[in-house]
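Remarks on the overall topology
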Amino acid sequence: MRPTYLEDFYSFLRFPSVSTDDQFAEKLRECAQWLAQKLKSIGLEADIVATAGHPIVWARNKHRPGRRTVLIYGHYDVQPPDPLELWDSPPFEPVLKDGYVFARGATDNKGQILSHILGIQETIEQNRELPVNVHLVIEGEEEIGSANLGGFLNENRDALRCDVAVVSDTGMIARGLPTLTYGLRGVTALEIKVTGPKMDLHSGIYGGAVANPITALAQLLATLHDHEGRVAIAGFYDRVKPLEDWEREAWRKLPFDGDKLVLKETGVPELFGETGYNSLERVWARPTAEINGIGGGYQGKGTKTVIASHVIAKLTFRLVPEQEGDEILKLAKTHLRKNLPKGITLEITDGHSGPWYLTDPHSQIGEAAQRALHKAFNAEVALIREGGSIPIVSEFRGILGVETLLMGLALPDCRAHSPNENFPLENLEGGIRLNKAILQELGH
Ligand code: BES
Ligand code: MN
């Protein structure tokens, strides 16, 4: 691999492009500028499109009639690096160790974006031009729900007219095993606030005479699941399509054991989840209710004899075909209000929402993707669904009318969203080969 590739990768990773924290807004702008510059340097036309939030980088080659148009999508924003003390090296100072680059965003999604860019660069160098018309759309708000990307797609619908979208923001089942993802879960979020007394109280003076909001919240949250790991919200599963035998069978034949992988990668003492399903089925095809955070009361050193006035919790629900986000939110709110313990009040705020996605891996373009994956990695291609969400993918279908090829390079131990995130150079190289191959395949 050329040394300049590693320099490019490091430069890209050094921007702390944390989208959720406004303090970093300027860094996101700088990162977008760097990207646009890089895209121009390989011969593309590139613009930075301002939005109500972080800017979108939009690049294209010279389009010619009579050939396919491919929209490549990725995100340059990253998740916060916290907790910082758990990193072995600073999250925005990339280091190479045993062939892996460690930094926030290394896998999700900067390493994968770079492999698109370098794959395009090498194709142009070798053939003087690309075999297809290309749009690259790289946004800065994926990790916070892509609030402004749908508007961008709508406003530029005609200019963005294309035949297929290519997205690398998904995973490989293992090193060296090329993977085509044909399904994603959706996600919908809400935040709740439970309030008791109008201020924090001395727990000796008032304890026992008023409801404790934290106790009430714990009781309320405990009603979300039954003892079998099922979500206990009435109607939650009404629209869920049962897993079909052929799909379960196909997943059982994949060359890895999902249960073992979960045990190994997470370090949990034992498996847990909805009765009647294995780990892959639970993650890829079953919906969940998750509590992502709780905050309230005294969290400092030592003890404080206090009854907090209020407490909050952040919840998300992962959605599967044919669940609808709005409906699930409504059912969840009804459930929370109905199960509210006495003596407190409840406020609910809606968060972001994004639908699930399911496509056909055996369509004409799906087969092209499989050939490219096989060519790049020289191994049998695994066809899988994934548990994560990329909400914009369903808008590519809804707004642009195209299907998405999810051909990702994230390894199970990449630590995306977690300390010590990493990406192997092997996958940067594989990703470059993959991008060259998919451009070639779609050019036919
Ligand atoms: N790359 C992930 C999505 C993903 C993860 C796909 C694992 C397949 C497997 C993406 O960057 C992400 O984290 N998305 C968020 C979306 C949310 C913030 C709306 C997610 O899934 O939590
Ligand atoms: Mn992510």
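Residues numbered from 1 in each chain as written. Chains lettered and ligands numbered in written order. Predicted model: local features only at pLDDT ≥ 70, side-chain atom pairs only at ≥ 80, totals over all residues. Heavy atoms only, no water.

**A word on the pairing of strand E6 (residues 133-139)**
Within a regular strand, the side chains alternate between the two sheet faces. Selection rule: With a 1.4 Å probe rolled over the protein chains alone, any residue whose accessible area is under 20% of its type maximum counts as buried; one over 50% counts as exposed, and the rest are partly exposed. Only DSSP runs of H or I reaching four residues or more are called helices, and only runs of E reaching two or more are called strands; each is numbered from the N terminus. DSSP calls a pair of strands paired once it identifies at least 2 bridges connecting them.
Burial runs high along E6: seven of the seven residues are buried. Covered by surrounding structure in E6 are Asn 133, His 135, Val 137 and Glu 139 together with Val 134, Leu 136 and Ile 138, the residues of both alternating faces. Strand direction decides the pairing type here: strand E2 (residues 56-60) and E6, joined by four bridges, are antiparallel. Paired with Ala 59 across the two strands is Leu 136, which belongs to E6.

**A short note on the packing of aromatic side chains**
For clarity, the cut-off: In summary, the pairing rule links any two rings of Phe, Tyr or Trp, Trp by its six-membered ring, whose centres are within 6.5 Å, and it sorts them by plane angle into stacked for under 30 degrees, edge-to-face for over 60 and tilted for everything else. Look at NZ for Lys and CZ for Arg. If either is within 6 Å of the ring centre and within 35 degrees of the ring normal, a charge sits over the ring.
For the structure shown, the criterion picks out eight aromatic pairs. For the pair Trp 251 and Trp 284, a centre-to-centre distance of 5.0 Å together with 90 degrees between the ring planes defines the contact as edge-to-face. Of the two residues, Trp 251 is situated in helix H6 (residues 245-252) and Trp 284 in helix H8 (residues 279-285); the sequence distance between them amounts to 33 residues. Comparing Trp 251 with Trp 284, the two get one shared label, buried. Three or more aromatic residues link up through ring pairs in this structure, and these residues are Phe 12, Phe 15 and Trp 34. The ring centre of Phe 102 lies 5.0 Å from the NZ or CZ of Lys 97, which sits over that ring. Positioned above the aromatic ring of Phe 377, the side-chain terminus of Arg 433 is 5.9 Å from the ring centre.

**Some thoughts on the coordination of the manganese ion (ligand 2)**
Defined as follows: Donor atoms are limited to N, O and S found within 2.8 Å of the metal ion, a distance that becomes 3.2 Å for Na, K and Ca. With water left out, some sites might look partial. Under this scheme a four-donor centre is tetrahedral when all angles range from 85 to 135 degrees, a four-donor centre is square planar and a six-donor centre octahedral when opposite donors are above 155 degrees with the rest from 65 to 115, and any other centre is irregular.
Around the manganese ion (ligand 2), the donor atoms from the protein are Asp 108 (OD), Glu 143 (OE), Glu 143 (OE) and His 417 (NE2), and they sit 2.1 to 2.7 Å away. Geometry at the manganese ion (ligand 2) is irregular, judged from its six donor atoms and the angles of 52 to 154 degrees they form at the metal. Sequence spacing of the donor residues for the manganese ion (ligand 2), all on one chain, is D-x34-E-x273-H. Residue Asp 108 is located in helix H3 (residues 106-127), and its partner Glu 143 is located in the loop between E6 and helix H4 (149-155); the two are separated by 35 residues in the primary sequence.

**Comments concerning the sheet that holds strand E18 (residues 422-424)**
Put simply, the rule reads: Here the axes come from fitting lines to C-alpha atoms, over the contacting stretch only for helices, and the angles between their N-to-C directions go from 0 to 180 degrees.
One open sheet accounts for three strands, arranged E4-E5-E18; its pairing is antiparallel. The sheet is open, and its two borders are formed by strand E4 (95-97) and E18, each paired with just one other strand. Between one strand axis and the next, the sheet turns through 30 degrees on average, direction left out of account. For strand E5 (residues 100-102) and E18, the ladder comprises three bridges, and the chain directions are antiparallel.

**A few points about the domain arrangement of the protein**
Let me state the cut-off plainly: The domain boundaries here were taken from an automatic or database domain assignment. Should any heavy atoms of two residues lie within 4.5 Å, those residues are counted as being in contact. Buried area: the accessible area, evaluated with a 1.4 Å probe, that two parts lose upon being put together, summed over both parts. The salt bridge definition used is simple: a Lys or Arg side-chain nitrogen within 4 Å of an Asp or Glu carboxyl oxygen. Counting of polar contacts relies on pairs of N or O atoms within 3.5 Å, with two restrictions inside protein: one atom must be capable of donating a hydrogen and the other of accepting it, and residues adjacent in sequence are counted only when both atoms are side-chain atoms.
When the domains of the protein are assigned, the result is domain 1 (3-184 + 357-443) and domain 2 (186-240 + 287-354). Counting residues at the interface gives nine residues for domain 1, matched by six residues for domain 2. Interface area lost by domain 1 to domain 2 is led by Leu 184, Ser 389 and Pro 391, which between them contribute 51%. Our enumeration of links across domain 1 and domain 2 arrives at zero salt bridges. Taken together, domain 1 and domain 2 are joined by two residue pairs in polar contact (both at pLDDT 80 or more).

**Here we look at the sheet that holds strand E11 (residues 288-296)**
Spatially, four strands are ordered E11-E13-E9-E14 in an open sheet, and the strand pairing comes out antiparallel. Strand pairing shows two members of the sheet lacking a second neighbour, E11 and strand E14 (345-354), which therefore form its edges. Averaged over all pairs of adjacent strands, the angle between strand axes in this sheet comes to 20 degrees, irrespective of strand direction. In the packing of helix H5 (residues 213-222) onto the sheet, contacts are made with strand E9 (186-195), E11, strand E13 (310-319) and E14, and the angle to E13 comes to roughly 15 degrees. Contacting E9, E13 and E14, helix H9 (residues 325-338) runs over the sheet at an angle of about 25 degrees to E9.

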